[in-house]
Amino acid sequence: MENLRLSPLISEDEIRNRVVKLGATITDKFKGKDVVVVGVLKGSFMFFADLIRAIDTDLSCDFVGVSSYSGTQSSGEVKINLDLSRSIKGRHVVLVEDIVDTGLTMNYLRRHLENHKPQALLTASLLLKPDALKEKCEVDLVGFKIPNDFVVGYGLDYQGYFRNLPYIAQVSNIN
Ligand code: IMP
């Protein structure tokens, strides 16, 4: 896209190594359990696909879809536009987010899933911007803490673009 500069922040290798470690941590916690891994669309799809391949226990996949962003700003209002396809009651659940920014989406989804009474709920986010949090937000597993800048790649977008970058980059305006 025009007038945008991409500055690489996290390389493919760094992502790969970290995702393998996160998968091993989830395996340690849930080994022998029948796990449901819930990905938050669209941004988590690439992280999700790599993470589930790094988890060594029986698992099934489900997805939720939310919207809260326009451009680079959170609207502050989280809406679910795709909900779970099967019950998670009594199940061991891993919620997989791409990034925690204000924390609103993660907190909203945690409450939403807890209302369905899983036996255990573990939350994982590839990225966390500690300086952007607008409310207290506890995430069990975080891939990388990053500065409060807008980032794209590895599933994350700016206006629908850049999801296909295999690494994470900061976006800035040239003008
Ligand atoms: P939060 O509710 O403000 O924590 O935002 C969570 C959602 O906003 C994420 O799942 C992303 O879809 C989107 N988001 C927040 N920050 C970024 C960013 O830097 N790049 C791309 N998407 C982002």
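Rules used throughout
Residues numbered from 1 in each chain as written. Predicted model: local features only at pLDDT ≥ 70, side-chain atom pairs only at ≥ 80, totals over all residues. Heavy atoms only, no water. Helix = DSSP H or I, 4+ residues; strand = E, 2+ residues; numbered from the N terminus. Rg over C-alpha atoms; globule rule 2.2 N^0.38 Å. Buried < 20%, exposed > 50% of the residue type's maximum accessible area, 1.4 Å probe, protein only. Contact = heavy atoms within 4.5 Å. Areas by Shrake-Rupley, 256 points an atom, 1.4 Å probe, with all protein chains shown as cover. Lys, Arg positive; Asp, Glu negative; His and termini not counted. Charge placed at Lys NZ, Arg CZ, Asp CG, Glu CD. Axes fitted to C-alpha atoms, helices over the stretch in contact; angles between N-to-C directions. Parallel < 35°, antiparallel > 145°, perpendicular 65-115°, else oblique. Left-handed = near helix turned anticlockwise from the far one by under 90°. Nonpolar A, V, L, I, M, F, W, Y, C, P; charged D, E, K, R; others polar. Pairing = 2+ DSSP bridges. Phe/Tyr/Trp six-rings, centres within 6.5 Å; stacked < 30°, edge-to-face > 60°. Core = buried A, V, L, I, M, F, W, Y, C linked by side-chain atoms within 4.5 Å. Near = heavy atom within 4 Å. Polar contact = N/O pair within 3.5 Å; in protein donor to acceptor, adjacent residues only side chain to side chain.

Trainee: Could you clarify how one ought to interpret the overall build of the chain in this entry?
Mentor: Check the secondary structure of the chain and you find three helices and nine strands. Secondary structure of the chain in N-to-C order comes out as β-α-β-α-β-β-β-α-β-β-β-β. Here the chain has a C-alpha radius of gyration of 16 Å; the compact-globule value for 175 residues is 16 Å, and the two agree. Considering the chain as a whole, with its 175 residues, one finds that 47% of them fall into the buried category. Of the contacts formed within the chain by residues at least 6 apart in sequence, a portion of 67% connects residues at least 24 apart. Carbon and sulfur atoms provide 46% of the accessible area of the chain, an area that totals close to 9,200 Å². Across the chain, the 21 positively charged side chains and the 22 negatively charged ones have centroids separated by 4 Å.

Trainee: Explanation requested: the packing of helix α1 (residues 12-30) against helix α2 (residues 45-53) in the structure shown.
Mentor: At a closest axis distance of 8 Å, the pairing of α1 and α2 adopts a crossing angle of 55 degrees. By the angle class used here, α1 and α2 are oblique. As α1 packs across α2, the resulting crossing turns out to be right-handed. Taking contact as the criterion, the partners of V19, L22, G23 and I26 in α1 are, on α2, F47, D50 and L51. The class makeup of the residues in the contact of α1 with α2 is five nonpolar, one polar and one charged.

Trainee: So what exactly am I meant to see when it comes to the pairing of strand β2 (residues 35-41) here?
Mentor: In the case of a regular strand, side chains alternate between the two sheet surfaces. The element β2 is largely enclosed, with a buried count of six among its seven residues. Pairing analysis gives five bridges linking β2 to strand β5 (residues 92-100), with the strands arranged parallel. Each bridged residue has a counterpart across the sheet, and for V37 the counterpart in β5 is V94.

Trainee: I'm lost on the packing of aromatic side chains in this one. Help?
Mentor: Each pair of aromatic rings is reported with the distance of its centres and the angle of its planes. Overall, the coordinates contain two aromatic pairs when judged by the stated rule. Measuring from ring centre to ring centre gives 4.8 Å for F48 and F63, while their planes differ by 50 degrees; the resulting arrangement is tilted. With F48 in helix α2 and F63 in strand β3 (residues 59-70), the pair connects residues that are 15 residues apart, well separated along the chain.

Trainee: How should I be thinking about the side chain of K129 in this particular structure?
Mentor: Here K129 shows up in the loop between β6 (120-128) and β7 (141-145). Those residues in contact with K129, other than ones at most four positions away along the chain, are I99, V100, D101, I146, P147, N148, D149 and F150.

Trainee: Explain the nonpolar core to me, please; I cannot follow it from the model alone.
Mentor: Considering soluble globular proteins, one finds that nonpolar side chains tend to be buried as a cluster. If you look at the biggest cluster of nonpolar residues, it comprises 26 residues, and the most contacted ones within it are I26, F47, L51, V94, L126, L127 and I168. Contributions of two or more residues to this core are made by α1, β2, α2, β5, β6 and β7. Top element by residues in this core is α1. It accounts for five residues. Grouped together as the second largest cluster of nonpolar side chains are 20 residues, L84, V93, M106 and V139 included.

Trainee: Would you take a moment to explain the site of the ligand for this structure?
Mentor: Taken together, the neighbourhood of the ligand is formed by 16 residues, with D98, D101, T102, T105 and V151 sitting nearest. For the ligand, an oxygen atom lies 2.4 Å from a polar atom in the side chain of T102. Relative to its unbound accessible surface of 490 Å², the ligand loses 92% to contact with the protein. For the shell around the ligand, the secondary-structure elements that each account for two or more residues are β5 and α3 (104-114). At four residues, β5 tops the list of elements feeding residues into the shell around the ligand. Here the shell around the ligand is composed, by residue class, of seven nonpolar, three polar and six charged.

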